[in-house]
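The primary structure of each chain is shown beneath.
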Amino acid sequence: TRPLLIDAYGCFGSSMDPFFNPENFVWLEMGGIYAAAHIRGGSELGAQWFAGGSYPNKMNSINDIVDIADYFVKNNFTTGKQQAITGSSCGSLNVGLATLQRPDLFSAGVFIVGIPDLVTNKGNSFGRGQNDFGPLDTEDGFKSRLSISAYHHIIPEKSAPAMLVINGAN
């Protein structure tokens, strides 16, 4: 088994097209495995794939990450103690909830410019998030946001994977 880093986004129909990222080269050179996870909510597999990970189906994105992480552990690519996940912006909500949902599969998460609280956040990305997470002004939209909001799934006194949170002023 080797250390494994899963990178995921799965939002707004954006595709994670494969490309060489020199930032990952050191990780690979040191024996790490890098996986770009094409989870539902992105558009890598078309409109149905995008819809399958958008409101009211956003939990599918998180479940996809958990399934991918579980696959790597079950097939002896890595262990839960050697596996981490990273996501930026909307992808960070997947990181937060996946690590809380299955802490046995992850040693750490990297949460980059993310939105940990989808229930009270009305920042710059609020309007765009209505379509992917659900509208806050409806009961179903509120319930959807609550169900995928990492902040509202933190259980005090319960152990969770380490989390590096990187954010900016805006």
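Chemist: What's the story with the nonpolar core in this structure? I'm lost.
Modeler: Soluble globular proteins tend to pack their nonpolar side chains together in the buried interior. Residues I6, I65, C90, L93, F106, F133 and I148 are the most contacted members of the largest nonpolar core, which totals 28 residues. Contributing elements (two or more residues each) for this core: β1 (4-8), β2 (33-37), α3 (59-74) and α4 (91-101). Ranked by residue count, the leading element in this core is α3, at five residues.

Chemist: Which parts of the structure should I look at to understand the packing of α3 against α4?
Modeler: Relative placement of two packed helices is described by the angle separating their axes and the distance separating the axes. Relative to each other, α3 and α4 sit at 60°, their axes nearing to 9 Å. With respect to α4, the element α3 is oriented oblique. Crossing angle aside, the handedness with which α3 passes α4 is right-handed. Facing M59, S61, I62, N63, I65 and V66 of α3, the residues of α4 in contact are L93, N94, L97, A98 and Q101. Considering only residue class, the contact of α3 with α4 consists of seven nonpolar, four polar and no charged.

Chemist: So what exactly am I meant to see when it comes to the layout of surface pockets here?
Modeler: Taking a probe equal in size to a water molecule and rolling it over the atoms shows the remaining empty space. Considering only enclosed or pocket space, the largest pocket measures out at about 570 Å³ in volume. Lining the largest pocket are 25 residues, and of these D7, F19, N21, N24 and Y34 lie nearest its centre. Those elements that place two or more of their residues in the lining of the largest pocket are β1, α1 (22-29), β2, β3 (83-88) and β4 (108-112). Considering each element in turn, the lining of the largest pocket owes the most residues, five residues, to α1. Its residues assigned to classes, the lining of the largest pocket comprises 14 nonpolar, eight polar and three charged.

Chemist: Help me out: how do you make sense of α3 in this one?
Modeler: Since the α-helix packs 3.6 residues into each turn, any two residues three or four apart lie on the same face. Along its 16 residues, α3 runs 22 Å from first to last C-alpha, staying within 8% of the 22 Å computed at 1.5 Å per residue. By the burial criterion, the buried members of α3 are S61, I62, D64, I65, V66, A69, D70 and F72.

Chemist: I tried to follow the sheet that holds β4 on my own but got confused; where do I start?
Modeler: Across a sheet, paired strands are connected by hydrogen bonds in the backbone, their directions being either parallel or antiparallel. If you walk across this open sheet you meet the five strands as β2-β1-β3-β4-β5, and the pairing is parallel. Looking at strand neighbours, the two that pair on one side only are β2 and β5 (162-166), the edges of this open sheet. Strand after strand, the sheet turns through a mean of 15° between neighbouring axes, direction not considered. One ladder, built from five bridges, connects β3 with β4; its direction is parallel. Residue pairing in the sheet places S88 in a bridge with I112 of β4. Across the face of the sheet, α3 comes into contact with β1, β2 and β3 while running at roughly 160° to β1.

Chemist: How should the confidence of the model for the protein be read in this particular structure?
Modeler: When pLDDT is low, close inspection of the predicted coordinates is not appropriate. Summarising the model, the protein shows a mean pLDDT of 89, and 95% of its residues fall at 70 or more. Averaged pLDDT values for the elements of the protein fall to 74 in helix α5 (residues 126-133) and rise to 96 in α3.

Chemist: I keep staring at the side chain of D7 and nothing clicks. Help me out?
Modeler: Positionally, D7 belongs in strand β1. Look at D7: it is buried, it has no salt bridge, and the nearest opposite charge is K58 at 13 Å. A polar contact of 2.8 Å, which involves the side chain of D7, links it to the side chain of Y34. What D7 contacts, discounting residues up to four positions off in sequence, is M16, Y34, A35, A36, A37, T86 and G87.

Cut-offs and rules
- Residues numbered from 1 in each chain as written.
- Predicted model: local features only at pLDDT ≥ 70, side-chain atom pairs only at ≥ 80, totals over all residues.
- Heavy atoms only, no water.
- Core = buried A, V, L, I, M, F, W, Y, C linked by side-chain atoms within 4.5 Å.
- Buried < 20%, exposed > 50% of the residue type's maximum accessible area, 1.4 Å probe, protein only.
- Helix = DSSP H or I, 4+ residues; strand = E, 2+ residues; numbered from the N terminus.
- Axes fitted to C-alpha atoms, helices over the stretch in contact; angles between N-to-C directions.
- Parallel < 35°, antiparallel > 145°, perpendicular 65-115°, else oblique.
- Left-handed = near helix turned anticlockwise from the far one by under 90°.
- Contact = heavy atoms within 4.5 Å.
- Nonpolar A, V, L, I, M, F, W, Y, C, P; charged D, E, K, R; others polar.
- 1 Å grid on protein atoms, 1.4 Å probe; cavity = no way out; pocket = protein on both sides within 12 Å on 5 of 7 lines; lining within 4 Å.
- Points joined across faces, edges and corners; volume = space filled by probe spheres on them.
- Expected span 1.5 Å × (residues − 1).
- Pairing = 2+ DSSP bridges.
- pLDDT = per-residue confidence, 0-100.
- Lys, Arg positive; Asp, Glu negative; His and termini not counted.
- Salt bridge = Lys/Arg side-chain N within 4 Å of Asp/Glu carboxyl O.
- Polar contact = N/O pair within 3.5 Å; in protein donor to acceptor, adjacent residues only side chain to side chain.

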